[in-house]
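# Coordinate analysis (summary)
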Amino acid sequence: MAVKKTTAQQTNTTRKTAVKKSTVKKPAAAKTAAKKSTAKKSVKTVTTDKPADYRIGELDQYLFGQGTHYEIYKKMGAHFVKDGKKTGVYFAVWAPHARSVAVVGEFNGWSEDANVMKRQEPLGIYTAFVPEAQLGQLYKYCIETQTGDKLYKADPFANSAELRPGTASRIADISHLKWSDSVWMKHRAEWDFHSSPISIYEAHIGSWMRHPGREDDGFYSYREFAHAATDYIKKMGYTHIELMGISEYPFDGSWGYQVTGYYAPTSRYGTPEDFAYMINYFHKNKIGVILDWVPAHFPRDAHGLADFDGTATFEYADPKKGEHPDWGTKIFDYGKAEVKNFLIANALFWIEHYHIDGLRVDAVASMLYLDYGKEDGQWIANKYGSNENLEAIEFFKHLNSVTTGRNPGALMIAEESTAWPKVTGKPEDDGLGFSLKWNMGWMHDFTEYMKLDPYFRKGDHYGMTFALTYAYSENYILVLSHDEVVHLKCSMLNKMPGLGFEKFANLKVGYAFMMGHPGKKLLFMGQDFGQLREWSEARELDWYLLAEPEHQALQNFYRDLLHLYTHNKAMYEQDTCMEGFEWVNADDSSRSIYSFIRHSKGAKKNLLFVCNFTPIERPEYRVGVPRGKQYRLVLNCSMAEAEKPARQYIKQRNRNVMEDHIHLVTIFRHTVLLYSNFNIASQCNLRKIFIIRIIDSTNYFLNISRIRSSRVSSGRTPVVYPQIFPSLYTTNVGTISMPIYSASSFDISISIL
């Protein structure tokens, strides 16, 4: 690790030194003018990545052979250059075991003899300068193997590709991309994701929305998607978008997880310039961009990386290490320096060249375990006789150290489905170095619990609390991803038990519980408005459902939750430490009710959640509260008030409880209490006990009574049962008593303390 950290530091030092040497002192007048012109708005910049010497040199080969040439993509592939008085394209490809290589394409009539490439030792990199090559032309490498066979391969470092079903690479010049997101990039470098809200909208461009009636696929272009998705994301309140299927891939049904062009944004939606425009537009609208990235495996397609020069070039040579039997794909050789360099440089390529804010690394578990998805006899143990892939472990430490070290604020997110320790731990502490980890265990427990009929949920009560036993062992993201709404798993709405409104009520309380649980958040597209059908890459989402009141109400509810989340520090500021969460009662299994408190730093702002996952009557239900204060409504999700913005309620800090709302958040001075699926009929002033009574079992209206000593204003006498939750009385000042008589109401409560 010390060697790798030193390498990264040397790279940064070299950069800084180069900048210092090239800096020219400005006259005083120029300095004054520069100060006056300084503003918060972004400055337009142009990417200029042409190296001083475009040719592959000895230093390039040395660094590539060591696995530390982090900008090798500026030399490998196809690049427009000037060679003396001539301009043309410089091609470079790594094919160490090839007998010969030629570049063929539209510029030479696909002739195998016109542009034979020169081999450079010791790594076996082939190069050629072709003055006839032009922007936009297609090309491939004709590789003659040691057995005399000829393979036609796409360029592993190509920056653009032919639209499928074509498989050729396309000459592109991405050295002058235009950017105006300097404000965002500066903010990212200073950003602390641990104490910031992160709510991710996972999306697949090709099936998000389509143009109807067109002869082609009707895909939105990168530019069209940028504008349409930005409007939606800002309306809903997400902070980031995570994009599936960006690196070029041949088969739509793979969703982009079987990549053949690691350095090329897929041509399905436009050009590299269009892709850069989309990222820039998201940033200008304060939306972070995360890409799915697949270093775990690659397909066997003839034009791809598999057996690239006739031998196992990018993959392990032994099939027991180099193949996934279940997936039919090849596994990268993480012990080969050039392969590691290819992948690490690719991660940096997206983050540094295209300003991507984070990479979600797919199938991490399949890389860490040598026996992943394999039967006995299909895998080889490591030198210690165990199933850990030691080379993959070292690769992750190297990858994450360099990417986050060079790019403060960028996220490296692991989709890791096992209990591997220290996934988000520091490499120097023997961790893998990821920023965040998908909480796959929580996702499984949550969906299994929510699918149960409310009557049987008491038997799985601790499935919803188990995640809190390990919630702080990693930096987690709670995910309800695309994997949960495909392959006969049903959409999120159709996972819910019951019929009609019962499904919506279940999903609302589930989403609210998720929003209150420690961890960052991710939801797959369509699930925020109640998509009925499972997701398919072959069609757009069922946006027409929003014409139905129930679906519109669900979308508005989730929108309000997102705004509540981003406007209350208690819901995100201490996600990664125990001080941010406190159970009030985690053990009420017989009634399937959970209550807990979220704290901001210093417990200055707090939220009390009360979640009822059954529609059963709960007379005199009581919840401990830490203070006796005044409450008021800040969030409304009733159908009648669905169009009112959440911020209107969040900012109302000093009012009593408002009337006639189903989903509410009330405040006692520094506390918020949210009841889901309730209507409030009167205001209250809390003393010791807070009693809520349902007075209309059809519409679920409640009556909040003022309590004074042993009498209430409604004429009823409250019944106090401190023995029900004896632990509450050690730290809590008061209780909330909630008689719930309705047989069809699911309840969620949050309170700012």
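Our subject is the structure that appears above.
The present account deals with the structure reproduced in this document. (Residues numbered from 1 in each chain as written. Predicted model: local features only at pLDDT ≥ 70, side-chain atom pairs only at ≥ 80, totals over all residues. Heavy atoms only, no water.)

### Things to note about the pattern of salt bridges
This is how it is decided: The term salt bridge refers to a side-chain nitrogen of Lys or Arg lying within 4 Å of a carboxyl oxygen of Asp or Glu. Here a strand is any run of E in DSSP of at least two residues, a helix any run of H or I of at least four, and the numbering for each starts at the N terminus. Only protein chains enter the accessibility calculation, which uses a 1.4 Å probe. A residue is then buried if its area is under 20% of the maximum for its type, exposed if over 50%, and partly exposed in between.
Applying the stated rule across the entire model yields 31 salt bridges. Notably, a salt bridge pairs Glu415 with Arg360, separated by 3.5 Å at the nearest N-O pair. You can see Glu415 sitting in the loop between β19 (411-414) and β20 (436-438) and its partner Arg360 sitting in strand β18 (residues 358-361), a full 55 residues away along the chain. You can call Glu415 buried: its relative accessible area is 11%. With a shortest N-O distance of 2.6 Å, Arg533 and Asp542 are connected by a salt bridge. A relative accessible area of 3% means that Asp542 is categorised as buried. Residues joined in a network through salt bridges with shared partners are Arg164, Asp217, Glu248, Asp252 and Arg268.

### Focus on the packing of aromatic side chains
Spelled out, the test is: Two rings from Phe, Tyr or Trp (for Trp, the six-membered ring) form a pair when their centres are within 6.5 Å of each other. A pair whose planes differ by under 30 degrees is stacked, one over 60 is edge-to-face, and the rest are tilted. Working rule: Lys NZ or Arg CZ, within 6 Å of ring centre, within 35 degrees of ring normal, means a charge sits over the ring.
Enumeration over the complete set of coordinates arrives at 61 aromatic pairs. Ring geometry for Phe157 and Phe342: centres 5.2 Å apart, planes at 85°, overall edge-to-face. You can see Phe157 sitting in the loop between β8 (150-153) and β9 (169-170) and its partner Phe342 sitting in helix α9 (residues 337-353), a full 185 residues away along the chain. The buried category is assigned to Phe157, whose relative accessible area is 4%. Here the aromatic rings of Phe396 and Phe434 are separated by 5.3 Å at their centres, their planes lie at 55°, and the arrangement is tilted. Within this pair, whereas Phe396 is found in helix α11 (residues 390-406), its partner Phe434 is found in the loop between β19 and β20, the two being separated by 38 residues in sequence. Under the relative-accessibility criterion, Phe396 is labelled buried at 0%. We classify Phe434 as buried; its relative accessible area is 2%. Across the ring face of Tyr249, the terminal group of Arg268 is positioned such that the distance to the ring centre comes to 3.7 Å. When the ring centre of Phe557 is taken as origin, the NZ or CZ atom of Lys508, which lies over that ring, is 5.9 Å away.

### Focus: the sheet that holds β18
Operational definition: Pairing between strands is defined by DSSP: at least two bridges between them are needed. Only the stretch in contact is used when a helix axis is fitted, and all axes are lines through C-alpha atoms; the angle between N-to-C directions ranges over 0 to 180 degrees. The contact criterion used throughout is that any non-hydrogen atoms of two residues lie within 4.5 Å.
As summarised here, the arrangement of the 8 strands in space is β11-β12-β15-β18-β19-β20-β21-β22, forming a closed barrel in which the pairing is parallel. Within this sheet the neighbouring strands show an average axis-to-axis angle of 25°, counted without direction. Here strand β15 (residues 288-293) runs beside β18; their pairing, made up of 4 bridges, is parallel. Bridging from a neighbouring strand, Ile290 pairs with Gly358 of β18. Relative to β15, α9 is tilted by about 155°, and along the sheet it contacts β15, β18 and β19.

### Looking at the sheet that holds strand β3 (residues 86-94)
Taking strand neighbours across the sheet as the criterion, the 4 strands line up as β2-β3-β6-β5 in an open arrangement whose pairing is antiparallel. The open sheet terminates on both sides in strands that have one partner only, identified here as β2 (77-83) and β5 (118-120). Geometrically, the sheet is characterised by an average inter-axis angle of 30° between neighbouring strands, direction not taken into account. Two strands pair when backbone bridges link them, and β2 and β3 are joined in this way by 7 bridges, in the antiparallel orientation. Its bridge partner lying in β3, Ala78 is registered against Phe91.

### Here we look at the nonpolar core
Formally: Nine residue types can take part in a nonpolar core, namely buried Ala, Val, Leu, Ile, Met, Phe, Trp, Tyr and Cys, and a core is a set of them joined through side-chain atoms within 4.5 Å.
In this structure, Phe91, Tyr201 and Phe225 are the most contacted members of the largest nonpolar core, which totals 180 residues. For this core, the element with the most residues is α9, which contributes 10 residues. In contact with Phe225, other than residues within four places in its own chain, are Ala203, Ile205, Trp208, Tyr220, Thr230, Ile241, Leu243, Met278 and Phe282. Core analysis: the second largest hydrophobic core is formed by 6 residues, Val584, Ile597, Leu608 and Val610 among them.

### Comments concerning the environment of Gly65
Within the fold, Gly65 resides in helix α3 (residues 58-66). C-alpha of Gly65 to C-alpha of Glu338: the two residues are 273 residues apart in sequence and 5.7 Å apart in space. Ignoring any residue separated from it by four or fewer positions in sequence, one finds Gly65 in contact with Leu123, Ala337 and Glu338.

### Details of helix α12 (residues 440-451)
What counts here: Multiply 1.5 Å by the residue count of a helix minus one, and that product is the helix's expected span.
For α12, built from 12 residues, the straight-helix expectation of 16 Å at 1.5 Å per residue is met to within 8% by its first-to-last C-alpha distance of 17 Å. On its buried side, α12 packs onto β20, β21 (476-480), α13 (492-495), α14 (501-516) and β24 (593-599).

### Some words on the pairing of β19
Looking down a regular strand, the side chains alternate between one sheet face and the other. Judged by which residues are buried, β19 turns out to be covered on both faces: Leu411 and Ile413 on one side and Met412 and Ala414 on the other are all buried. Relative to β19, β18 is paired through 4 bridges, and the arrangement is parallel. Its bridge partner lying in β19, Gly358 is registered against Leu411. The pairing of β19 with β20 spans 2 bridges and is parallel. By the bridge assignment for β20, Ile413 is matched with Leu436.

### Observations regarding the packing of helix α6 (residues 222-236) against helix α15 (residues 549-567)
Two quantities define a packed helix pair, namely the angle between the axes and the distance from one axis to the other. Formally: Relative orientations are named as follows: roughly parallel for angles under 35 degrees, roughly antiparallel for angles over 145 degrees, roughly perpendicular for angles from 65 to 115 degrees, and oblique for any other angle. Residues are grouped as follows: Ala, Val, Leu, Ile, Met, Phe, Trp, Tyr, Cys and Pro are nonpolar; Asp, Glu, Lys and Arg are charged; all remaining types, including Gly, are polar.
One can describe the packing of α6 onto α15 by two numbers: an axis separation of 8 Å at closest approach and a directional angle of 70°. The angle between α6 and α15 places the two elements in the roughly perpendicular class. Touching Tyr232, Lys234, Lys235 and Met236 of α6 are Gln555, Tyr558, Arg559, Leu562 and His563, all from α15. For the contact of α6 with α15, a count of residues per class yields 4 nonpolar, 2 polar and 3 charged.

### Topic: a positive patch on the surface
Stated precisely, the cut-off is as follows: Distance thresholds for patches are 9 Å for like charges and 5 Å for nonpolar side chains (Val, Leu, Ile, Met, Phe, Trp, Tyr), applied to residues having over 30% relative accessible area and no salt bridge. Per-residue and other accessible areas were derived by the Shrake-Rupley procedure at a 1.4 Å probe size, with only the shown protein chains allowed to occlude residues. Only four residue types enter the charge count, namely Lys and Arg as positive and Asp and Glu as negative; His and the chain termini do not. We put the charge of a Lys on NZ, of an Arg on CZ, of an Asp on CG and of a Glu on CD.
Where like charges cluster on the molecular surface, the positive patch consists of Lys569, Lys601, Lys604 and Lys605. On the secondary structure map, Lys604 appears in the loop between β24 and β25 (606-612). You can call Lys604 exposed: its relative accessible area is 63%.

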